[in-house]
Amino acid sequence: MSFANNKNYQIYYECHGSGPAIVLLHSFLCDGEMWSPQVKMLSAHFRVINIDIRGHGRSDVADATLDIYDLVDDVVAVLDQEGIQSATWAGLSIGGMIALRAAFSVPERVSHLVLLDTHAGTETRFKIAKYKTLVLLAKLLGIRPMLNIVSKLMFGRHTLREKPDLVAHWKEKFAAMPLVSIQNMVDALCGRDSLKSRLAAISQPAVVIVGEEDISLPPPCSAAIAERLKDAKLVVIKHAGHLSTLEQPDRVNEAMLDFLSVQIPSIQDDE
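Calculation criteria
- Residues numbered from 1 in each chain as written.
- Predicted model: local features only at pLDDT ≥ 70, side-chain atom pairs only at ≥ 80, totals over all residues.
- Heavy atoms only, no water.
- Helix = DSSP H or I, 4+ residues; strand = E, 2+ residues; numbered from the N terminus.
- Rg over C-alpha atoms; globule rule 2.2 N^0.38 Å.
- Buried < 20%, exposed > 50% of the residue type's maximum accessible area, 1.4 Å probe, protein only.
- Contact = heavy atoms within 4.5 Å.
- Polar contact = N/O pair within 3.5 Å; in protein donor to acceptor, adjacent residues only side chain to side chain.
- Lys, Arg positive; Asp, Glu negative; His and termini not counted.
- Salt bridge = Lys/Arg side-chain N within 4 Å of Asp/Glu carboxyl O.

What follows deals with the overall build of the protein chain. Helix and strand counts for the protein chain stand at 11 helices and 8 strands. Since a compact globule built from 271 residues should have a radius of gyration of about 18 Å, the 17 Å found for the protein chain is in line with a globular shape. For the C-alpha atoms alone, the extent of the protein chain along its principal axes is close to 55 × 40 × 35 Å. Taking all 271 residues of the protein chain together, the buried fraction comes to 58%. Considering only intrachain contacts with a sequence separation of at least 6, the fraction spanning at least 24 residues in the protein chain is 77%.

Next up on the list: the environment of His119. Here His119 lies in the loop between β6 (110-116) and α4 (125-141). Overall, His119 belongs to the buried group, its relative accessible area being 10%. As for His119 and Trp35, which are separated by 84 residues in sequence, their C-alpha atoms are 19 Å apart. Sequence-distant contacts of His119, that is, excluding residues within four places in its chain, are made with Met97, Leu100, Arg192, Lys196, Leu217, Cys221 and Ile225. A distance of 3.5 Å separates a polar atom in the side chain of His119 from the backbone nitrogen of Gly121. Side chain to side chain, His119 and Arg192 meet in a polar contact 2.9 Å long.

To continue, consider the side chain of Lys171. Looking at the element boundaries, Lys171 is found in helix α7 (residues 164-175). Buried charge without a salt bridge: Lys171, with Glu172 as the nearest opposite-charge side chain at an N-O distance of 7.4 Å. Side chain to side chain, Lys171 and Asn148 meet in a polar contact 2.7 Å long. The residues contacting Lys171, other than those within four sequence positions of it, are Leu147, Asn148 and Ser151.

Another aspect to go through is unusual backbone geometry. If you check the backbone angles, Lys7 has positive phi at about 50° while not being a glycine. Structurally, Lys7 can be placed in the loop between β1 (2-6) and β2 (9-16). Given a relative accessible area of 56%, Lys7 falls into the exposed group. With a phi angle near 80°, Leu29 is a residue other than glycine that sits in the positive phi range. With respect to the helices and strands, Leu29 occurs in the loop between β3 (21-25) and α1 (36-43). A relative accessible area of 12% places Leu29 in the buried class.

Structure representation (structure tokens):
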């Protein structure tokens with residue numbers, strides 16, 4: 001359990017295992033616990049760097065305006081502190097957006113990409129209005145009245161029906177995030193640039209994974225990324241929504257390890 005400093009923000013992270021480095025970047029409103037079903041599997045083969053993105057978990061509150069490239073810099077600060085030159089970047093939702101931008105801004109630090117339930121374009125006007133309205137309502141009424149709406153954006157139909165304890169646990173986690181962090185992160189998401197026309201320039205091998213029931217960033221968003229990247233495979237996870245790592249961990253683990261075993265042959269020796 002460690003902290004790295006970037007521009008006076010303390011970024012919390014945990015390290016597990018040894019081997020080639022892999023960075024884990026969670027979804028908006030979550031923290032590194034989102035990856036708990038993957039850490040044990042990955043740490044048998046990798047040096048796993050599980051980061052709490054700024055504004056989330058045990059990292060500092062996001063108390064000022066920022067953009068997604070600032071979050072790339074936070075990750076680089078962690079890698080520098082750990083003496084890691086290059087790593088696989090695995091990110092879900094905003095975590096995937098961070099990873100994609102790292103492939104452009106610091107390509108020498110990115111060896112492979114694992115992109116889950118994410119998007120390469122700008123936010124739609126409809127979603128910008130929706131998300132900013134939710135933030136306004138949270139300011140007026142508190143976060144808790146918004147949790148049922150948020151849970152339907154984060155979890156698929158199957159999970160909402162079959163795994164109520166999992167949903168309840170994460171609703172409490174969502175409610176614990178400081179409102180100032182929520183507002184600044186929503187602004188960063190809503191103001192993001194489009195990478196769609198530039199994806200073909202990314203040379204790192206990638207796997208693109210998406211929950212079949214994701215309504216926040218539906219499968220066509222991931223399919224568009226996989227189609228534009230030079231070297232990418234698309235995997236659709238049945239019975240999973242936006243937080244696919246939590247909803248169907250075994251299937252996500254299988255997809256990640258299948259990709260990484262092919263791309264990084266040295267880990268095959270550990271199996």
